[in-house]
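Examination of the molecular architecture
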Amino acid sequence: MRLFLALLVSAFFVTAAQADVSVVVNRNTQTVTATIDGAVHVWKASTGLKAHWTRPGIYGVQSMDADHYSSLYNNAPMPDSIFFNGNVGFHGTDDVGNLGSPASHGCVRLSRANAKFLFSAVRRNGQRARIQVI
């Protein structure tokens, strides 16, 4: 009985700690709408330029790295990276002046604060999230 109660309590806390995460990247409006535990957050973003467009589709999280540097683009910092399509993912940027317009090589750039918030929510969710690029 004691083991059963311990398992029940631990299952409750594991479930309570996880966040339900769904993210929609809108390339037309250059926004990210993240629904986390029912709360909706809308952020300016920068997706890929025409030559490096961010591919539409529905994805899941492939990997995450809080302190990533690009292996393709001069070791550029990509803080709070959430990869969902090969080398393409969300990450923070200091180039906030370009948020709201295409400016990347395919990744979805967010302000550092919003990238950190999203990264934390996805990590709490056991790296599960539904990501849709439209």
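Let me begin by describing the structure that accompanies this report. (Residues numbered from 1 in each chain as written. Predicted model: local features only at pLDDT ≥ 70, side-chain atom pairs only at ≥ 80, totals over all residues. Heavy atoms only, no water.)

Quick look at the side chain of N26 now. Positionally, N26 belongs in strand β1 (residues 21-26). At 3.0 Å, the side chain of N26 forms a polar contact with the backbone nitrogen of T29. N26 has contacts with T31 and I134, leaving out every residue within four places of it along the chain. (Helix = DSSP H or I, 4+ residues; strand = E, 2+ residues; numbered from the N terminus. Polar contact = N/O pair within 3.5 Å; in protein donor to acceptor, adjacent residues only side chain to side chain. Contact = heavy atoms within 4.5 Å.)

Roughly 380 Å³ of internal volume is contained in the largest pocket. The wall of the largest pocket is formed by 21 residues, among which S70, Y73, M78, H91 and C107 lie closest to the centre. Elements that contribute at least two residues to the lining of the largest pocket include exactly β6 (77-85) and β7 (88-93). When its residues are assigned to classes, the lining of the largest pocket shows nine nonpolar, nine polar and three charged. (1 Å grid on protein atoms, 1.4 Å probe; cavity = no way out; pocket = protein on both sides within 12 Å on 5 of 7 lines; lining within 4 Å. Points joined across faces, edges and corners; volume = space filled by probe spheres on them. Nonpolar A, V, L, I, M, F, W, Y, C, P; charged D, E, K, R; others polar.)

Taken in spatial order, the four strands line up as β5-β6-β7-β8 in an open sheet, and their pairing is mixed. Of all the strands in the sheet, the pair left with one neighbour each is β5 (63-69) and β8 (108-111). Looking at each pair of strands side by side, their axes are set apart by 25° on average, direction ignored. Two strands pair when backbone bridges link them, and β6 and β7 are joined in this way by three bridges, in the antiparallel orientation. Looking across to β7, one finds that F83 is bridged to G89. Those strands touched by helix α2 (residues 112-124) are β5, β6, β7 and β8, and its axis lies near 50° from that of β6. (Pairing = 2+ DSSP bridges. Axes fitted to C-alpha atoms, helices over the stretch in contact; angles between N-to-C directions.)

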